[in-house]
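Summary of the model geometry
Next come the chains, spelled out residue by residue.
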Amino acid sequence: MGRLFLFSIKNQYLCIVYSGIMQRIVLYWIFLFLPAAYTSTHPEPFVAEPDTALSGNRKLYAETGLDKVVSFAAFEQALAGDARIERPHKNIVTIIDFSKPSTEKRLAVLDMHQRKLLFSSLVAHGKNSGGNYAVSFSNVNGSHKSSLGFYVTENTYQGKNGYSLILNGLEKGINDRAKERAIVMHGAAYANPEVIGRGGRLGRSFGCPALPQALTKPIIDTIKEGTLLFIYANDSHYLSRSSILDGCDGNRPHAEELASSI
């Protein structure tokens with residue numbers, strides 16, 4: 001009986017040892033193949049793919065030096081209009097950013113095809129639009145205020161302000177009376193940089209975007225006869241009325257329009 005008892009105990013011990021070895025083998029194979037079959041309990045955080053249109057525009061904005069002249073909001077809205085407005089010459093876009101003071105450069109001429117900033121300049125606003133900043137805008141004849149929105153440039157002429165460029169306002173109720181009001185681009189002594197040192201700001205026009213005299217001819221000759229001009233301000237009233245920017249999300253146009261414009 002004693003021998004049988006010892007034999008039984010020995011068999012139980014061997015079974016336990018064998019069972020333990022088998023468990024370890026099974027667990028080894030499970031953990032060997034687990035990474036291929038299951039995801040980690042701590043996955044890498046999700047990073048959204050960048051919007052290629054918007055990121056491309058940010059790159060263009062920075063690379064051309066536009067970020068030193070006009071705001072990105074002004075640039076985005078100009079691109080939305082660029083994509084929507086037909087005109088003879090689509091490669092040149094001029095942006096004036098009236099959210100900036102007259103003491104800073106706030107006019108930019110951009111060659112969209114060459115992706116190059118051609119000019120950056122001071123520019124004066126209308127005398128009744130504000131002092132150093134333009135804050136009030138009008139389409140009314142005799143208001144002596146600037147008008148926001150999109151224009152297409154036309155021909156040049158010699159007038160009382162010298163070499164001048166006719167502007168065709170495209171937005172009804174916003175700037176479509178530009179010709180009636182004689183709102184043109186021209187040069188003026190009160191828009192020269194040295195005026196800032198004397199009065200703390202540029203002089204002001206009767207509503208025209210007036211340029212420093214030294215830059216008047218080269219800028220006008222570059223943008224005349226069918227290029228796009230956009231005059232921007234951080235103005236919700238303009239955005240709510242603009243048929244050209246209708247459908248834009250606040251200051252941001254649709255990405256597909258931005259992509260198609262460059």
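In case you missed it, the structure is sitting above this.
In this report, we go over the structure that sits alongside the text. (Residues numbered from 1 in each chain as written. Predicted model: local features only at pLDDT ≥ 70, side-chain atom pairs only at ≥ 80, totals over all residues. Heavy atoms only, no water.)

1. Topic: the overall build of the chain
Quick note on the threshold: Helix and strand labels come from DSSP, where a helix needs a run of H or I of at least four residues and a strand needs a run of E of at least two; each type is numbered from the N terminus. Working definition: with a 1.4 Å probe on protein chains only, accessible area under 20% of the residue-type maximum means buried, over 50% means exposed, and in between means partly exposed. Between two residues, a contact is recorded if the distance between any of their heavy atoms is within 4.5 Å. Residue burial considers only the protein chains on display, and all accessible areas are found by Shrake-Rupley using a 1.4 Å probe.
For the chain, the count of helices and strands is 7 helices and 8 strands. Residues counted as buried form 43% of the 262 residues belonging to the chain. Pairs at least 24 apart in sequence give 64% of the contacts found in the chain among residues at least 6 apart. For the chain, the exposed surface amounts to about 14400 Å²; the carbon and sulfur share of it is 58%.

2. What about the sheet that holds strand β2 (residues 107-111)?
To keep things clear, this is the line we draw: Being paired, for any two strands, means DSSP has found at least two bridges between them. For helices, the fitted axis covers only the stretch in contact; all axes are lines through C-alpha atoms, and the angles between them, taken along N-to-C directions, range from 0 to 180 degrees.
In space, the 8 strands of this open sheet follow the order β3-β2-β1-β8-β4-β5-β6-β7, with mixed pairing throughout. Looking at which strands have only one partner, the edges of the open sheet turn out to be β3 (116-121) and β7 (210-211). Two elements, strand β1 (residues 92-97) and strand β8 (residues 228-232), share 5 bridges in a ladder whose sense is parallel. Directly across from D97, in β8, lies its bridge partner Y232. Across the face of the sheet, helix α3 (residues 72-84) comes into contact with β1, β2, β4 (149-159) and β8 while running at roughly 140 degrees to β8. Strand contacts of helix α5 (residues 213-223): β1, β2, β3, β4, β5 (162-169), β6 (184-187) and β7, with the helix running at about 145 degrees to β3, the strand carrying the most contacts.

3. Section: the packing of aromatic side chains
Operational definition: Ring pairs are drawn from Phe, Tyr and Trp, using the six-membered ring of Trp, whenever the two centres fall within 6.5 Å, and their geometry is named by plane angle: stacked under 30 degrees, edge-to-face over 60, tilted for the rest.
This model, assessed by the stated rule, comprises 7 aromatic pairs. Ring geometry for Y61 versus F72: centroids 5.1 Å apart, planes at 65 degrees, classification edge-to-face. Pair noted here: Y61 is in helix α2 (residues 52-63) and F72 is in helix α3, with a separation of 11 residues, a long-range link. Considered together, Y61 and F72 belong to a single accessibility category, that of buried residues. Plain terms: the ring middles of F150 and F230 are 4.2 Å apart, the flat faces sit at 20 degrees to each other, and that makes the pair stacked. Placement of the pair is F150 in strand β4 and F230 in strand β8, with a sequence separation of 80 residues.

4. A word on the pairing of β2
Judged by how many residues are buried, β2 sits mostly within the fold: 5 of 5 residues are covered. Across 5 bridges, β1 lies against β2 in antiparallel orientation. Directly across from I92, in β2, lies its bridge partner D111. Relative to β3, β2 runs antiparallel, the two sharing 5 bridges. In the strand pairing of β3, L107 is matched with S121.

5. A short note on the side chain of S205
Within the secondary structure, S205 sits in the loop between α4 (194-199) and β7. Apart from the residues lying within four places of it in its own chain, the contact partners of S205 are H125, G126, K127, H144 and Y190.

6. Focus: the nonpolar core
Generally speaking, soluble globular proteins have nonpolar side chains that are buried together. Spelled out, the test is: We call a set of buried Ala, Val, Leu, Ile, Met, Phe, Trp, Tyr and Cys residues a nonpolar core when their side-chain atoms join them within 4.5 Å.
The biggest cluster of nonpolar side chains holds 52 residues, and the ones touching the most others in it are F75 and M185. Sort the elements by how many residues they give to this core and α3 lands first, with 7 residues. With near-sequence residues (within four places) excluded, M185 lies in contact with L107, Y163, S164, L165, L167, P209, L211, I219, I220, I223 and L229. Grouped together as the second largest cluster of nonpolar side chains are 7 residues, A191, I196, L202 and A210 included.

7. Details of the environment of T222
Turning to its location among the elements, T222 is positioned in helix α5. Accessibility expressed as a relative area gives 27% for T222, which makes it partly exposed. Not counting the four nearest positions on each side in its chain, T222 is found in contact with I92, V109, L118, F119 and T227.

8. Thoughts on the environment of A134
Secondary-structure assignment places A134 in the loop between β3 and β4. We classify A134 as buried; its relative accessible area is 6%. Here the alpha-carbon distance between A134 and F98, two residues 36 residues apart in the chain, equals 5.9 Å. Apart from the residues within four sequence positions on either side, A134 is in contact with F98, H125 and S129.

9. Considering α3
The line we're drawing: Take the number of residues in a helix, subtract one, and multiply by 1.5 Å to get its expected span.
Over its 13 residues, α3 extends 19 Å from the first C-alpha to the last, a length consistent with the 18 Å expected when each residue adds 1.5 Å. With respect to burial, α3 is a largely interior element, 11 of its 13 residues being buried. Taken together, the buried positions of α3 are F72, A73, A74, F75, E76, Q77, A78, L79, A80, G81 and D82.

10. Examining the pattern of salt bridges
Oppositely charged side chains are able to pair whenever their charged atoms sit close together. Here is the rule we go by: Salt bridges are identified by distance alone: a Lys or Arg side-chain nitrogen within 4 Å of an Asp or Glu carboxyl oxygen.
Summed over all chains, the structure comprises 8 salt bridges. The salt bridge partner of K68 is D67, with a shortest N-O separation of 3.9 Å. Take D67: its relative accessible area is 38%, and that puts it in the partly exposed class. Among the salt bridges present, the one from R87 reaches D82, with a minimum N-O distance of 2.4 Å. Taken together, the salt bridges that share partners define one network made up of K217, D221 and K224.

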